[in-house]
Amino acid sequence: DTAVSQTPKYLVTQMGNDKSIKCEQNLGHDTMYWYKQDSKKFLKIMFSYNNKELIINETVPNRFSPKSPDKAHLNLHINSLELGDSAVYFCASSLPLQRGQETQYFGPGTRLLVL
Amino acid sequence: AQTVTQSQPEMSVQEAETVTLSCTYDTSESDYYLFWYKQPPSRQMILVIRQEAYKQQNATENRFSVNFQKAAKSFSLKISDSQLGDAAMYFCAYRSFQGGSEKLVFGKGTKLTVNP
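Now for a look at the structure at hand. What you see is a predicted model, and the numbers here were worked out from it, not measured in a lab.

Glancing now at the sheet that holds strand β3 (residues 19-25) of chain A. Residues and elements named next belong to chain A. Strands sit in the order β1-β3-β8-β7 across an open sheet of four strands; the sheet is antiparallel. Whereas interior strands pair on both sides, the edge strands pair on one side only; in this sheet they are β1 (4-7) and β7 (64-70). The average angle at which neighbouring strand axes cross in this sheet is 20°, direction not considered. As judged from the five bridges shared by β7 and strand β8 (residues 73-78), these two strands associate in the antiparallel manner. When the sheet's bridge partners are listed, Pro-66 is paired in β8 with Leu-76.

Structure representation (structure tokens):
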């Protein structure tokens, strides 16, 4: 069983389009995240949600809108795609931060290419 | 804000030998976690090992061990008996224990090549 899954795995689209990436976790975790990995492999947090509530928003353009319909899902919608949005987007999840429950588990990533 | 620095963009090792990847971090917090993640060409982020800052004992996981020096803010990863499957990008990461700050802060990664 896949613990953290993302769809699609690859996404090729034109500038100006709107696209969504979906994430689901079956680990029973309360907290979910979106990270962006740029062309130089640098990984940076974008958002985190705890039980459907936004906790972290790291100065991401408002063209990016996360949505959490329930605690097992965190989707990422991107409006008016730009060339600089090309990257790999990772979803992750974790339990509430307590001793022994600090690990974040990552999905397989979605490679987005904006042409 | 916390920062994580990996000073070795690339490293190589011969199969069956030992290699150490460096990581330093900057924080004013006393309670936090440190991680090493591996990213093979498949792109999947795989947890290799984790260390709790309040524990002085260095973590070990089979062939992987860390040298955690809290005062020096250093967290290096040692891979013993290197295998071809160890070839990957390795990321050092920091996680605060403060509520509302549960994000991982990553270093820029070290690309490890294993030579047969």
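Ranked by size, the top nonpolar core spans 26 residues in total, and within it Tyr-25, Trp-36, Phe-75, Leu-77 and Tyr-90 of chain B carry the most contacts. For this core, the element with the highest residue contribution is strand β10 (residues 88-96) of chain B, accounting for four residues. Core analysis: the next-biggest nonpolar cluster, separate from the first, contains 20 residues, Tyr-49, Tyr-89, Cys-91 and Val-114 of chain A among them.

Inspection of every chain in the model, using the stated rule, returns two disulfides over all chains. Through a disulfide, Cys-23 of chain A is tied to Cys-91 of chain A; the S-S separation comes to 1.8 Å. Taking the sign of the S-S torsion, -75° for the link of Cys-23 of chain A and Cys-91 of chain A, the bridge is left-handed. Of this pair, Cys-23 of chain A sits in strand β3 while Cys-91 of chain A sits in strand β9 (residues 87-94), placing them 68 residues apart in sequence. Shown here is the disulfide that connects Cys-23 of chain B with Cys-92 of chain B, its sulfur atoms set 2.0 Å apart. Disulfide Cys-23 of chain B-Cys-92 of chain B: the torsion about the S-S bond is -70°, which places it as left-handed. Taken together, the residues Cys-23 of chain B in the loop between β3 (19-21) and β4 (24-26) and Cys-92 of chain B in strand β10 connect sequence positions 69 residues apart. As far as the burial class goes, Cys-23 of chain B and Cys-92 of chain B line up, both buried.

Okay, the interface of chain A and chain B next. At the junction of the two partners, chain A supplies 30 residues and chain B supplies 26 residues. Here chain A and chain B share an interface that buries about 2300 Å² over both sides, 55% of which is from carbon and sulfur atoms. Applying the counting criterion to the chain A and chain B interface returns one salt bridge. Lys-103 of chain B serves as the salt-bridge partner of Glu-58 of chain A, at 3.0 Å between the closest nitrogen and oxygen. Taken together, the links from chain A to chain B amount to eleven residue pairs in polar contact (both at pLDDT 80 or more). Residue assignment for the side of chain A that touches chain B shows that the elements contributing at least two residues are β4 (31-37), β5 (43-50), β6 (53-57), β9 and β11 (110-114) of chain A.

Calculation notes
- Residues numbered from 1 in each chain as written.
- Chains lettered and ligands numbered in written order.
- Predicted model: local features only at pLDDT ≥ 70, side-chain atom pairs only at ≥ 80, totals over all residues.
- Heavy atoms only, no water.
- Pairing = 2+ DSSP bridges.
- Helix = DSSP H or I, 4+ residues; strand = E, 2+ residues; numbered from the N terminus.
- Axes fitted to C-alpha atoms, helices over the stretch in contact; angles between N-to-C directions.
- Core = buried A, V, L, I, M, F, W, Y, C linked by side-chain atoms within 4.5 Å.
- Buried < 20%, exposed > 50% of the residue type's maximum accessible area, 1.4 Å probe, protein only.
- Disulfide = S-S within 2.5 Å.
- Contact = heavy atoms within 4.5 Å.
- Buried area = accessible area lost by both parts, 1.4 Å probe.
- Salt bridge = Lys/Arg side-chain N within 4 Å of Asp/Glu carboxyl O.
- Polar contact = N/O pair within 3.5 Å; in protein donor to acceptor, adjacent residues only side chain to side chain.

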